[in-house]
Amino acid sequence: AYVAAIREALGECRPLIFPKLTPNVTNIGAIAQEVMAAGADGLVAINTVGPEVHIEPISGLPILQNSLGGAGGKSGKWIYQEALKAVKAIRQAVGEEVPLIGMGGVSNGRDVAEMVLAGSDLVGIGSAFAKVHQREWPAYAEALVDDASAILRGEERNNSAKYYSLKPSMEYKERKVIERQEFGSDTLVVTLEGNWPFEAGEYVFLWIPGVGEKPFSIAIDSPLTFVIKLKGAFTKALFNLKVGDSLFIRGLYGEPFTLPSYPKATLVAGGSGVAVVPPLAKRLTKEGVTLQTFVGISDENQRDVLRDEIEKYGPLNIVADQGEVGRVLSEVVRGAEVEGCSYYFIGPTPFMGRGAKELVERGVSPRAIFLSLELPTLCGVGLCGQCSCGERLTCQYGTFVSYHYVLENDEELLR
Ligand SMILES: Cc1cc2nc3c(=O)[nH]c(=O)nc-3n(C[C@H](O)[C@H](O)[C@H](O)COP(=O)(O)OP(=O)(O)OC[C@H]3O[C@@H](n4cnc5c(N)ncnc54)[C@H](O)[C@@H]3O)c2cc1C
Ligand code: FES
């Protein structure tokens, strides 16, 4: 009835309708027949399995928080056999002529070949892309087709394996808070036990069971230190953690930043962007770049946030807003060098957009200006698509991007 209603509502317009069928039924073949009789053009199988509660093994707690008590639809390689069974049942029920897209946990050439033998005309890939770097997606897809074609001819081939599993897993590690220091009402520097080696451009997710998880840059790898700006429910929960309390971390995500070759660099941070200054300054110093840092603050209490750490790498200019939001940008632009210097902005998007625009107006090349993007970031593994700048996902290519790239590919981002 649902498909028939959609078909009727579309009237003269005749897009192809391919309903995606849930496997959570007793007779998927009968449903497939009904859907085709109601006017569908073809079928897709399967949708997620479940819902089920997944207990995260390190914490022993459910990952999801929702009105279903933490239950969610399952996808990925765990559902592959179920998908294969459903595709076979549908093909048997609807005959040879109905176009059918088989999907669900497909990740290698053998899976693709089996899906084809089960009756799929096309094979869909979803979760497997979370285990392949975005830059390798086209090559991985080609290798899957090539591997499957070889297997269907009776040869052994698994070239797609070299692209699969190059990415960090989604496993969590537990860490205890060993120190916390508040700077004014909205800034917290929190230190956790242990270390977490990383490079500028990479980040992690922090998870507090029962509250949620959010992305954060690591400020210092050892002891593991974060700078937190109070925003909403999650950062409030971080503020409420006491010494000895635990939280969970997954990562690294993003990618180390490839440095351009400029002999000098100016780093400009605002808001929680100060967290990214130490790793970036460390990297630049290692490459022999002479640098200075500007940090804009809205509250005098923020003057000492990571101050000792940043001063290790060069002169630090702390500029208080004094009622003029982003006053630090005027200071940077006033003293800007047009040649031989690269500029790194780390902070809220409008702050970075304004600084970059004013530098270009002064004659600095957009290729010499880099922005550290903190876009909405939900999965970290390339599946949700939220963190895109142009065609690049920042969880894949890292958080730094040149201003030139943004202007060419996603100028709206800075508005
Ligand atoms: C790569 C990266 C690194 C970051 N590093 C730091 C850091 O070192 N220190 C720090 O204080 N903050 C950092 N952030 C921002 C931090 O993730 C948000 O402040 C946090 O998610 C807010 O959550 P909340 O529940 O307190 O607020 P909410 O009420 O949920 O949101 C408040 C604001 O925070 C931002 N935000 C919320 N959820 C997300 C999300 N999933 N992804 C990106 N932004 C979000 C949005 O601008 C939103 O308007 C980083 C974000 C990214 C993407
Ligand atoms: S956070 Fe990058 S795609 Fe989901």
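Residue indices begin from 1 for each chain and proceed along its sequence in written order. Chain A is the first chain written and ligand 1 is the first ligand written, with later ones labelled in order. Owing to the predicted nature of the model, reporting of local features is limited to residues with pLDDT of at least 70; listing and counting of side-chain atom pairs is limited to 80 or more, with chain, interface and lining totals taken over all residues. Just so you know, side-chain values use all the structure's heavy atoms and leave hydrogens and water out.

J.: Can you help me understand the packing of helix H3 (residues 80-94) against helix H4 (residues 109-118) in this one?
T.: For any two helices packed against each other, one specifies the crossing angle of their axes together with the interaxial distance. Remark: H3 packs on H4, axes separated minimally by 8 Å, with the N-to-C direction vectors making an angle of 20°. Considered as vectors, H3 and H4 are oriented roughly parallel to each other. For the crossing formed where H3 meets H4, the hand is right-handed. Of the residues in H4, those in contact with Tyr80, Ala83, Leu84, Val87, Lys88 and Arg91 of H3 are Arg110, Asp111, Glu114, Met115 and Ala118. Residues of the contact of H3 with H4, tallied by class, amount to 6 nonpolar, no polar and 5 charged. Axes here mean lines fitted to C-alpha atoms, for a helix over just the part in contact, with angles spanning 0 to 180 degrees between N-to-C directions. By definition, any uninterrupted DSSP run of H or I lasting at least four residues is a helix, any uninterrupted run of E lasting at least two residues is a strand, and each is numbered from the N terminus. Note on terminology: angles under 35 degrees are roughly parallel, angles over 145 are roughly antiparallel, angles of 65 to 115 are roughly perpendicular, and the others are oblique. Each crossing gets its hand from how the near helix is turned against the far one by less than a right angle, where anticlockwise is left-handed and clockwise is right-handed. The contact criterion used throughout is that any non-hydrogen atoms of two residues lie within 4.5 Å. Under this grouping Gly is polar, as are all residues other than the nonpolar Ala, Val, Leu, Ile, Met, Phe, Trp, Tyr, Cys and Pro and the charged Asp, Glu, Lys and Arg.

J.: I'm lost on the site of ligand 1 in this one. Help?
T.: Taken together, 21 residues lie near ligand 1, and Pro215, Val227, Lys229, Gly232 and Thr235 sit nearest. One of the backbone N or O atoms of Val227 is found 2.8 Å from a nitrogen atom in ligand 1. Within the backbone of Lys229, an N or O atom sits 2.8 Å from an oxygen atom of ligand 1. A 1.4 Å probe and the Shrake-Rupley method give the accessible areas. Residues count as covered only by the protein chains that appear here. With the chains in place, 75% of the 860 Å² that ligand 1 exposes on its own is no longer accessible. Along the lines of polarity and charge, the residues of the shell around ligand 1 split into 11 nonpolar, 6 polar and 4 charged. Only heavy atoms are used to decide nearness, and a residue is near a molecule or strand if one of them lies within 4 Å of it. N or O atoms within 3.5 Å of each other form a polar contact, as long as, within protein, one can give a hydrogen and the other can take it, and as long as residues adjacent in sequence are counted only when both atoms are side-chain atoms.

J.: Could you clarify how one ought to interpret the nonpolar core in this entry?
T.: Grouped burial of nonpolar side chains is what soluble globular proteins tend to show. Side-chain atoms within 4.5 Å are what join buried Ala, Val, Leu, Ile, Met, Phe, Trp, Tyr and Cys residues into a set we call a nonpolar core. Note on classification: 1.4 Å probe, protein chains only; a residue is buried when its accessible area is under 20% of the maximum for its type, exposed when over 50%, partly exposed between these limits. Counting 37 residues, the largest nonpolar core has Tyr343, Phe345, Ile369 and Leu371 as the members making the most contacts within it. Of all the secondary-structure elements, those providing two or more residues to this core are strand E11 (202-208), helix H9 (327-334), strand E18 (341-346), helix H10 (349-361), strand E19 (369-372) and helix H12 (403-409). Counting residues domain by domain, this core receives three or more from each of domain 2 (173-254) and domain 3 (264-414). Aside from chain neighbours lying at most four places away, what touches Tyr343 is Thr266, Val332, Ala336, Glu337, Leu359, Val364, Ala368, Ile369 and Phe370. Each domain's limits were defined by an automated method or a database of domain assignments.

J.: Would you explain the pattern of salt bridges in this entry?
T.: Side-chain pairs of opposite charge can arise where the charged atoms are in close proximity. One side-chain nitrogen of Lys or Arg within 4 Å of one carboxyl oxygen of Asp or Glu is enough to make a salt bridge. Applying the stated criterion across every chain yields a total of 22 salt bridges. We note a salt bridge from Lys242 to Asp245, for which the minimum N-O separation is 3.9 Å. Salt bridges sharing partners connect three or more residues here, namely Asp146, Arg153, Glu155 and Arg157.

J.: Help me understand a nonpolar patch on the surface, please; the structure alone is not making it clear to me.
T.: Each patch groups residues whose relative accessible area exceeds 30% and which form no salt bridge, using 9 Å between like charges and 5 Å between nonpolar side chains of Val, Leu, Ile, Met, Phe, Trp and Tyr. Where nonpolar side chains cluster on the molecular surface, the patch consists of Val116, Leu117 and Leu152 and spans about 280 Å² of accessible area. Residue Leu117 is classed as exposed on the basis of its relative accessible area of 67%.

J.: Would you take a moment to explain the side chain of Thr399 for this structure?
T.: Looking at the secondary structure, you find Thr399 in the loop between helix H11 (394-397) and strand E22 (400-402). Those residues in contact with Thr399 that lie beyond four places of it in its chain are Gly201, Tyr203, Leu371, Ser372, Leu373 and Thr394.

J.: Looking at this structure, how should I read the packing of H9 against H10?
T.: Running from N to C, H9 and H10 point in directions that differ by 20°, and their axes come no closer than 10 Å. Accordingly, the angle class assigned to the pair H9 and H10 is roughly parallel. In the crossing of H9 with H10, the sense of the turn from one axis to the other is right-handed. Each of Val328, Leu329, Ser330 and Val333 in H9 lies in contact with H10, whose residues at this interface are Phe351, Arg354, Gly355, Glu358 and Leu359. Looking at the contact of H9 with H10, its residues break down into 5 nonpolar, 2 polar and 2 charged.

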